[in-house]
Amino acid sequence: MADSRFFANNGPFALGEIATRVGAELGPNTDATRRIEDISSLDAAGPADLSFLDNPKYADAFAATAAGACLVHPRFVARAPAGLALLVSREPYRAYALASQLFYPEEARGADTYGEPAIVHPRAVVHPSASIGAGATVEPGAVIGAGVEIGSGTVVGANAVVSKGCTIGRNCFVGPNVTISHAHIGDRVMLHPGVAIGQDGFGFAMGFPRHEKVPQLGRVIIQDDVEIGANTTVDRGAGPDTVIGEGTKIDNLVQIGHNVQTGRGCVIVSQTGVSGSAKLGDFVVLAAQVGVTGHLTINSGVQVAARSAVIHDVPAGQKYGGVPARPIREWQRELVAIKNLSKRLKPDEPADDAS
């Protein structure tokens, strides 16, 4: 059970209501009026909890669960323990995400951290020319600059700084210690603690006797429903804008360089770096610690494996991996060939003497 000091549970809900909200069907002999109080994992759930099974690895835990109800794929229905109410879905994990949002809506959209929602705290510093929408929250220590516009229902966390001229849409969450400058942000955007938006891009004319700074004259545009993880940085553009496309999800500790443009629904995982002026199409996935060279295009639907280095354009819909990144089957064949070659070497075979 989630700790009530941190998470507000909106339950209970009837199974029929849950099924409707998540797009699932009631399983055999499932009572639509049965009330469910919370969500939990298969091994921790009790008779009043809803759980889910998505990965066959946990089929044994499913067979032994004490949960009252479970979201499952049709192929697992016959393996359910006696008395377990079933909500059947072709995408049980997605359905579980929707159920979690039903029980814990504040966690899904980002709630205030101080404990006093819908106020502008007297220890916040708000410029007289700033506009704060109805129902917005500005927590202690936050600084809101001249001409800033903040939409209704948005939370600006403690010690966050929103610099002059920036705009933030409705129902956003700006976590503690976030800094925002030179940026326009859409609706329902979540910026986790320590995110830095709109600082200088790394722009210098290198040379002797010194490296000359190139003024960074662009902005950051963050479209609706974007989520950016803790301590990630998004540089503003040098002239064209840096753009984070609608619905994109960025993990912690990611670096987005100046002039980068992502399409809709991209996923960028932790410790990835995207160099300046790179372009990502829609629904591109960059796994952990991927490096992307500047001024290239990764087209829509591409997936890049963890710790890969992308140094050329990637055609749409491809899976790439390796250093440098190439089609993933090619990379996998090379790894197998190297492994087989190493097996053929005798363990006591001396190395070539290069001296």
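Residues numbered from 1 in each chain as written. Predicted model: local features only at pLDDT ≥ 70, side-chain atom pairs only at ≥ 80, totals over all residues. Heavy atoms only, no water.

Caption draft 1: Local environment of the overall build of the protein. Scanning the protein from terminus to terminus reveals five helices and 39 strands. Taking the principal axes of its C-alpha atoms as reference, the protein extends roughly 80 × 75 × 35 Å. Taken across its 355 residues, the protein has 43% of its residues classed as buried. Looking at the protein alone, contacts between residues at least 24 apart form 21% of all its contacts between residues at least 6 apart. Positive and negative charge centroids in the protein, built from 30 and 35 side chains respectively, lie 5 Å apart. (Helix = DSSP H or I, 4+ residues; strand = E, 2+ residues; numbered from the N terminus. Buried < 20%, exposed > 50% of the residue type's maximum accessible area, 1.4 Å probe, protein only. Contact = heavy atoms within 4.5 Å. Lys, Arg positive; Asp, Glu negative; His and termini not counted. Charge placed at Lys NZ, Arg CZ, Asp CG, Glu CD.)

Caption draft 2: Structural context of the environment of P140. With respect to the helices, strands and loops of the structure, P140 is situated in the loop between β10 (137-138) and β11 (143-144). For P140, a relative accessible area of 9% puts it in the buried group. With 26 residues separating them along the chain, P140 and Y114 place their C-alpha atoms 8.0 Å apart. Not counting chain neighbours up to four residues away, the residues in contact with P140 comprise Y114, H121, R123, A124, A158 and N159.

Caption draft 3: Here's a closer look at the sheet that holds strand β28 (residues 255-256). Strand order across the open sheet formed by ten strands is β8-β11-β14-β17-β20-β25-β28-β31-β34-β37, with parallel pairing between neighbours. Each edge of the open sheet is held by one strand with a lone partner, namely β8 (125-126) and β37 (309-310). Examined bridge by bridge, strand β14 (residues 161-162) and strand β17 (residues 179-180) share two bridges and lie parallel to one another. Across the sheet, the residue bridging to V162 is I180, located in β17. (Pairing = 2+ DSSP bridges.)

Caption draft 4: Structural context of the state of the cysteines. Enumeration over the complete set of coordinates arrives at zero disulfides. Cysteine C166 remains unbridged, with the sulfur of C172 as its closest cysteine sulfur at 12 Å. Judged by relative accessible area, which is 2%, C172 ranks as buried. (Disulfide = S-S within 2.5 Å.)

Caption draft 5: Region of the structure containing the packing of aromatic side chains. Inspection of the entire model under this criterion finds five aromatic pairs. Between F202 and F204, the ring centres sit 5.1 Å apart and the planes meet at 65 degrees, which makes this aromatic pair edge-to-face. Under the relative-accessibility criterion, F202 is labelled exposed at 63%. For F204, a relative accessible area of 34% corresponds to the partly exposed category. (Phe/Tyr/Trp six-rings, centres within 6.5 Å; stacked < 30°, edge-to-face > 60°.)

Caption draft 6: Spotlight on the nonpolar core. I180, L191, I197, L286 and I298 are the most contacted members of the largest nonpolar core, which totals 50 residues. In this structure, I18, I39, A85 and A99 belong to the second largest nonpolar core, which totals 19 residues. (Core = buried A, V, L, I, M, F, W, Y, C linked by side-chain atoms within 4.5 Å.)

Caption draft 7: Representation of the sheet that holds strand β4 (residues 38-39). In space, the five strands of this open sheet follow the order β2-β7-β6-β5-β4, with mixed pairing throughout. The sheet is open, and its two edges are formed by β2 (25-26) and β4, each paired on a single side. Pairing analysis gives three bridges linking strand β5 (residues 49-52) to strand β6 (residues 69-72), with the strands arranged parallel. Residue pairing in the sheet places F52 in a bridge with L71 of β6. Running over the sheet, helix α1 (residues 15-22) touches β2, β5, β6 and β7 (85-88) and is turned about 15 degrees from β7. Along the sheet, helix α3 (residues 92-103) contacts β4, β5 and β6; its crossing angle with β5, the most-contacted strand, is approximately 150 degrees. (Axes fitted to C-alpha atoms, helices over the stretch in contact; angles between N-to-C directions.)

Caption draft 8: Geometry of the pattern of salt bridges. Summed over the entire model, instances satisfying the criterion amount to ten salt bridges. R236 is paired through a salt bridge with D200; the nearest N and O atoms lie 2.6 Å apart. In this pair, R236 is assigned in the loop between β25 (233-234) and β26 (242-244) and D200 in the loop between β20 (196-197) and β21 (204-205), connecting sequence segments 36 residues apart. For D200, a relative accessible area of 30% translates into the label partly exposed. Between R264 and D282 there is a salt bridge, and its shortest N-O distance comes to 3.0 Å. Here R264 is found in the loop between β29 (261-262) and β30 (267-268), whereas its partner D282 is found in the loop between β32 (279-280) and β33 (285-286), with 18 residues between them in sequence. The exposure class of R264 is partly exposed, given its relative accessible area of 42%. Each of R188, D224 and D225 takes part in one network of salt bridges that share partners. (Salt bridge = Lys/Arg side-chain N within 4 Å of Asp/Glu carboxyl O.)

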